[in-house]
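What the coordinates show
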Amino acid sequence: MSAVQNDSRKRSKKRYVAGHHNKRWKGSRELEVGMQGILITCNMNERKCTAEAFNLLNEYADKLYGPEKLQDNDGSSSEEEEADEEDVDVALKKEVAQLQAAGVKQERRFQALDSGANNVIFIKTQSLESDKLVHHILSDLHTTKKKKSRVILRMLPVTGTCKAFQEDMVRYLTTFLEPWFKTPNCGTYQIAFKARNSSHNKRDEIIKSIAGLVGKLNPKNKVDLTNPELTIIVEVIKAVCCISVVKDYTLYRKYNVQEVVKEDIPKPLVTTPKTDMTKAEQKEKTDAVEAKQEEKTAEEEEDKNVPQDNKDLDKGEGDGE
């Protein structure tokens, strides 16, 4: 075998190994089954959306849970550095511990991962309840009406994940939904289903199976599409199903941070006068129609009576002759 062929084989092997490592690294940065976090939708600017999401989440997480505590990788302290004499074995153990700490990547409170869909990012959460955090953010935005983002659209908590196949989803939801819907717990609910980059799940079949499951947990659970107490969010992206149960889904405009800061329009006050005028006009028209009908009826009765009188008169004249 020539030297040129050997070099070619070496290059091919290097490319294969490099590609293999890159694939493994990318996989660790993607949404996977077993994760919890927040799905955030945006409009064509994922990088800016990620930056806004980190700022918004950290701002409210600091208020709820306190500032994030990060550990130093060097594992050293000022007292140890000031020591003049140190045993050789202790120094070696310390150095090994530092190397091990540096090799292990520290889990941050929020980590941005690839969701698997365009205009959607996934923020993996660590040591916090994403549903309570998102509800707190939307509650504050709804109260203050202060806009704090430009490109973020919706923030959907993900408190559970499973494989995106109907049988896996039903099996997982049987246990997942118990805290909200199993006897003695009950409530009104709706199901918000969305599938991205997934064609093997039919929306109507998934919703029907979930509704049947909720009914089995407690027959008192009722569907309410207008103003439900709870909303079951089911977001399917490729082969991962993201699930959560949230409150105030309608009040907070489907968890849309752009819509929730808008002033509420008092629709009943605007439509009531128009409705009253319409009713008044309808009543006036009805009265006019009834009056015309009565007048017409009276004329018909008068026409009927006139021929009868003439007939009687003719009959009387004939008898006289």
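The preceding data block contains the structure.
Predicted model, so just to flag it, every value in this text is computed and none were measured.

1. Considering the pairing of strand β3 (residues 120–125)
For β3, the tally of buried residues reaches six of six residues, placing the bulk of the element in the interior. Neither face of β3 is left uncovered, since the one carrying V120, F122 and K124 and the one carrying I121, I123 and T125 both have all their residues buried. As paired strands, strand β1 (residues 37–42) and β3 are joined by five bridges and run antiparallel to one another. Pairing of I40 across the sheet is with I121, part of β3. Pairing between strand β2 (residues 110–114) and β3: five bridges, direction antiparallel. Along β3, the bridge assignment pairs Q111 with K124.

2. Section: the sheet that holds β2
Whenever strands of a sheet pair, they do so through backbone hydrogen bonds, lying parallel or antiparallel. Pairing within the open sheet is antiparallel, and its four strands lie in the order β2-β3-β1-β4. Single-partner strands in this sheet number two, and they are β2 and β4 (152–158). Strand-to-strand twist of the sheet, defined as the mean angle between neighbouring strand axes without regard to direction, takes the value 25°. Together, β1, β2, β3 and β4 form the strand contacts of helix α5 (residues 130–144), whose direction differs from that of β4 by roughly 150°.

3. Topic: the packing of helix α2 (residues 46–65) against α5
Running from N to C, α2 and α5 point in directions that differ by 100°, and their axes come no closer than 10 Å. Our classification of the angle between α2 and α5 gives roughly perpendicular. Here L56, L57, Y60, A61 and L64 of α2 lie close against α5, whose contacting residues are L133, H136, I137, D140 and L141. Split by residue class, the contact of α2 with α5 holds eight nonpolar, one polar and one charged.

4. Description of the nonpolar core
Residues L39, I40, L57, L133, I137, M155 and Y255 are the most contacted members of the largest nonpolar core, which totals 42 residues. Elements with a minimum of two residues in this core: β1, α2, β2, β3, α5, β4, β8 (230–237) and β9 (240–247). With residues near it in sequence (within four places) discarded, L133 still touches L57, Y60, A61, L64, F110 and L128. I206, I207, I210 and V234 belong to the second-largest nonpolar core, a separate cluster that totals 23 residues.

What counts as what
- Residues numbered from 1 in each chain as written.
- Predicted model: local features only at pLDDT ≥ 70, side-chain atom pairs only at ≥ 80, totals over all residues.
- Heavy atoms only, no water.
- Buried < 20%, exposed > 50% of the residue type's maximum accessible area, 1.4 Å probe, protein only.
- Helix = DSSP H or I, 4+ residues; strand = E, 2+ residues; numbered from the N terminus.
- Pairing = 2+ DSSP bridges.
- Axes fitted to C-alpha atoms, helices over the stretch in contact; angles between N-to-C directions.
- Contact = heavy atoms within 4.5 Å.
- Parallel < 35°, antiparallel > 145°, perpendicular 65-115°, else oblique.
- Nonpolar A, V, L, I, M, F, W, Y, C, P; charged D, E, K, R; others polar.
- Core = buried A, V, L, I, M, F, W, Y, C linked by side-chain atoms within 4.5 Å.

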